[in-house]
Amino acid sequence: MSKKRIRAQDVGEPPEGTWSNCLVIDNHVYIAGMTSRSAEFDTVIGENSYEQSIGIFDKIKALMQSSGGAMADIVKVNIFLTDINDRDQVWRARREYFSGDFPVSTLLEVSKLVHPDMSVEIEAVAILGAGVE
Amino acid sequence: MSKKRIRAQDVGEPPEGTWSNCLVIDNHVYIAGMTSRSAEFDTVIGENSYEQSIGIFDKIKALMQSSGGAMADIVKVNIFLTDINDRDQVWRARREYFSGDFPVSTLLEVSKLVHPDMSVEIEAVAILGAGVE
Amino acid sequence: MSKKRIRAQDVGEPPEGTWSNCLVIDNHVYIAGMTSRSAEFDTVIGENSYEQSIGIFDKIKALMQSSGGAMADIVKVNIFLTDINDRDQVWRARREYFSGDFPVSTLLEVSKLVHPDMSVEIEAVAILGAGVE
């Protein structure tokens, strides 16, 4: 029942003493607000919110796989944009990673994300086994 | 243990390939950020944040009932306003749907919601059975 | 399985009919968006985001202890700032309360918090036993 920290290849780990990208406790998976930063955290990859969303969902997918699960196990995503008009770009990216019953979702425009080049941040909650049909 | 999508009469379903309003996994219930849109998603119902909150809580209540639960099972609500000064209106609406030990809550002002006529969006997490006394 | 409301000494309780600071259901702990208000809710304690974060983490720690848990059981924190540039101050405070595998985290700048003197609000999710090594 104790928490297990999940790492994935190509997903940059945050600096020591800050946060974890992904924790699994029993069958519950918590994924931090992910952004499209490079593995070294020094640049933001993606010219627009579609491309950044692809970068983010790739990381979330890698973390889910390292957790022993899959995208279909994700039950909730929260999406934070710096421009609400980019939502169609995020939706377009999301359709490449989910099918059937999509996760519940909240999508908001916030004032600022951590880096001025970031236009989207996405966090997720999953339950291992939720996606089994 | 697999996720079950919950629908409710009078609660408009989002377009195919976007998100689910409500998913139940075991006894955990996740409800998307709900807004006071009409069932056809084309207009926002409610002249102010009180009226919009009533519209939202009505939907959440319907989804909870379709889940086999009740409002008392809700353990967490996150409330997003476009004007923080509307919080008393949301609180007033909330008192019509909860009693006893209210859900934990976070209330924030964000830059924008999806539609300019929306002034409030509310998401919820519930655990079936949590409200049984 | 029914929800249990958790109170802690020195943590001000919200007004009747508004929200709960902390609910425990089985081994899941939900903590509301906490701010550095005094126990009487009339003033905000802390000259800057570091000091306010200390005030907030003190409350979260007290609530976790009243829940029968500890800070190490926290799996997720969401941090809302009114100035994204204050994030280093929050991180500095966070390092005084966590070690090992930190919680997953989302950090955002929002337009406004409930009181103009507040610069930071933090909510948390914990699973009792998650921190046991």
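Remember, it's a predicted structure, so these values are computed and weren't measured experimentally.

Trainee: I'm lost on the packing of helix 1 (residues 49-66) of chain A against helix 2 (residues 87-94) of chain A in this one. Help?
Mentor: Think of two packed helices as two axes; the pair is described by the angle between the axes and how far apart they sit. Residue and element names in this part refer to chain A. Running from N to C, helix 1 and helix 2 cross one another at 40 degrees; their axes reach a closest spacing of 8 Å. Pair helix 1 / helix 2 crosses with right-handed handedness. On helix 2, the residues touching Ser49, Tyr50, Ser53, Ile54 and Phe57 of helix 1 are Gln89, Val90, Arg92, Ala93 and Arg94. Class assignment for the residues of the contact of helix 1 with helix 2 results in five nonpolar, three polar and two charged.

Trainee: How should the nonpolar core be read in this particular structure?
Mentor: Grouped together as the largest cluster of nonpolar side chains are 153 residues, with contacts concentrated most on A:Ile60, B:Ile60 and C:Ile60. Among all residues touching A:Ile60, those that are not within four sequence positions of it are A:Ile31, A:Met34, A:Met71, A:Ile74 and A:Ile122.

Trainee: Mind showing me how you'd approach the relation of the copies chain B and chain C here?
Mentor: Each of the two chain copies goes to the other by way of a rotation about an axis and a shift along it. For the pair chain B and chain C, the superposition axis carries a translation of 0.0 Å, the fit reaches an RMSD of 0.0 Å, and the rotation angle comes to 120 degrees. Expressed as a symmetry operation, the mapping of one chain copy onto the other fits a three-fold axis.

Trainee: Help me understand the side chain of B:Ser53, please; the structure alone is not making it clear to me.
Mentor: Position of B:Ser53 relative to the elements: it lies in helix 1 (residues 49-66). Setting aside its immediate chain neighbours within four residues, B:Ser53 contacts B:Val90, B:Ala93 and B:Val120.

Trainee: Please clarify how empty space enclosed by the protein should be interpreted in this entry.
Mentor: By rolling a water-sized probe across the atoms, one finds the places where empty space is left. Evaluation of the coordinates by the stated rule reveals eight cavities of 30 Å³ or more. Taken together, 26 residues make up the lining of the largest cavity; nearest its centre are A:Lys76, B:Lys76, B:Glu123, B:Val125 and C:Lys76. Going through the elements one at a time, strand 4 (74-81) and strand 6 (120-127) of chain A, strand 4 (74-81) and strand 6 (120-127) of chain B together with strand 4 (74-81) and strand 6 (120-127) of chain C are the ones with two or more residues in the lining of the largest cavity. For the lining of the largest cavity, the class distribution of residues is 17 nonpolar, three polar and six charged. Considered as a void within the structure, the second largest cavity measures approximately 190 Å³ in volume.

Trainee: What am I meant to see in the packing of aromatic side chains here?
Mentor: Each aromatic ring pair is characterised by the separation of its centres together with the angle its planes make. All names here are of chain A. Scanning the model with the defined rule gives 15 aromatic pairs over all chains in all. Three or more aromatic residues joined by ring pairs make a cluster, and in this case those are Phe57, Tyr97, Phe98 and Phe102. The ring of tyrosine 50 has arginine 92 sitting right over it, with the charged end atom 3.6 Å from the ring centre.

Trainee: Please explain the confidence of the model for chain A as it appears in this structure.
Mentor: Detail in the predicted coordinates should be disregarded across regions flagged by low pLDDT. Averaged over every residue, the pLDDT of chain A is 96; residues scoring 70 or more account for 100%. Our summary of model confidence lists the complex with pTM equal to 0.98 and ipTM equal to 0.97.

Trainee: Explain the pattern of salt bridges to me, please; I cannot follow it from the model alone.
Mentor: It is possible for side chains of opposite charge to pair when their charged atoms get near one another. Across all of its chains, the model carries 15 salt bridges over all chains by this definition. We note a salt bridge from A:Lys76 to B:Glu123, for which the minimum N-O separation is 3.0 Å. In this pair, A:Lys76 sits in strand 4 while B:Glu123 sits in strand 6, so the two residues belong to two different chains. For the pair formed by A:Lys76 and B:Glu123, the shared burial category is buried. Between A:Lys112 and C:Glu109 there is a salt bridge; the shortest N-O distance is 3.9 Å. Here A:Lys112 is found in the loop between strand 5 (104-109) and strand 6, whereas its partner C:Glu109 is found in strand 5 (residues 104-109) on a different chain. Judged by its relative accessible area of 8%, C:Glu109 is buried. Each of A:Arg5, A:Arg7, A:Glu13 and C:Asp101 takes part in a single network of salt bridges with overlapping partners.

Trainee: What should I look at first to understand unusual backbone geometry in this one?
Mentor: Note: most residues except glycine have negative phi, and most peptide bonds are trans. Residue and element names in this part refer to chain A. Its identity is not glycine, yet aspartate 10 carries a phi of approximately 70 degrees, on the positive side. Checked against the element boundaries, aspartate 10 lands in the loop between strand 1 (4-5) and strand 2 (22-25). Overall, aspartate 10 belongs to the exposed group, its relative accessible area being 69%.

Trainee: Looking at this model, I keep getting lost on the interface of chain B and chain C. Mind explaining?
Mentor: How big an interface is tends to be reported as the loss of accessible area on association of its parts. The interface is formed by 30 residues belonging to chain B together with 26 residues belonging to chain C. For the pairing of chain B and chain C, the buried interface totals around 2,400 Å² over both sides, and the portion due to carbon and sulfur atoms is 57%. Area buried by chain B at its contact with chain C is led by B:Asp101, B:Val104 and B:Glu109, which between them contribute 23% of it. Our enumeration of links across chain B and chain C arrives at three salt bridges. For B:Asp101, the salt bridge is made with C:Arg5, and the minimal N-O distance between the two is 3.2 Å. The interface formed by chain B and chain C includes 15 residue pairs in polar contact (both at pLDDT 80 or more). When contributions to the side of chain B that touches chain C are tallied by element, the ones reaching two or more residues are strand 4, helix 2 (87-95), strand 5 (104-109) and strand 6 of chain B. For the side of chain B that touches chain C, the element with the highest residue contribution is strand 5 of chain B, accounting for six residues. Per-class residue counts for the side of chain B that touches chain C are 15 nonpolar, nine polar and six charged.

The rules behind these values
Residues numbered from 1 in each chain as written. Chains lettered and ligands numbered in written order. Predicted model: local features only at pLDDT ≥ 70, side-chain atom pairs only at ≥ 80, totals over all residues. Heavy atoms only, no water. Axes fitted to C-alpha atoms, helices over the stretch in contact; angles between N-to-C directions. Helix = DSSP H or I, 4+ residues; strand = E, 2+ residues; numbered from the N terminus. Left-handed = near helix turned anticlockwise from the far one by under 90°. Contact = heavy atoms within 4.5 Å. Nonpolar A, V, L, I, M, F, W, Y, C, P; charged D, E, K, R; others polar. Core = buried A, V, L, I, M, F, W, Y, C linked by side-chain atoms within 4.5 Å. Buried < 20%, exposed > 50% of the residue type's maximum accessible area, 1.4 Å probe, protein only. Least-squares fit on C-alpha atoms with pLDDT ≥ 70 in both. 1 Å grid on protein atoms, 1.4 Å probe; cavity = no way out; pocket = protein on both sides within 12 Å on 5 of 7 lines; lining within 4 Å. Points joined across faces, edges and corners; volume = space filled by probe spheres on them. Phe/Tyr/Trp six-rings, centres within 6.5 Å; stacked < 30°, edge-to-face > 60°. Lys NZ or Arg CZ within 6 Å of the ring centre and 35° of its normal. pLDDT = per-residue confidence, 0-100. Salt bridge = Lys/Arg side-chain N within 4 Å of Asp/Glu carboxyl O. Buried area = accessible area lost by both parts, 1.4 Å probe. Polar contact = N/O pair within 3.5 Å; in protein donor to acceptor, adjacent residues only side chain to side chain.

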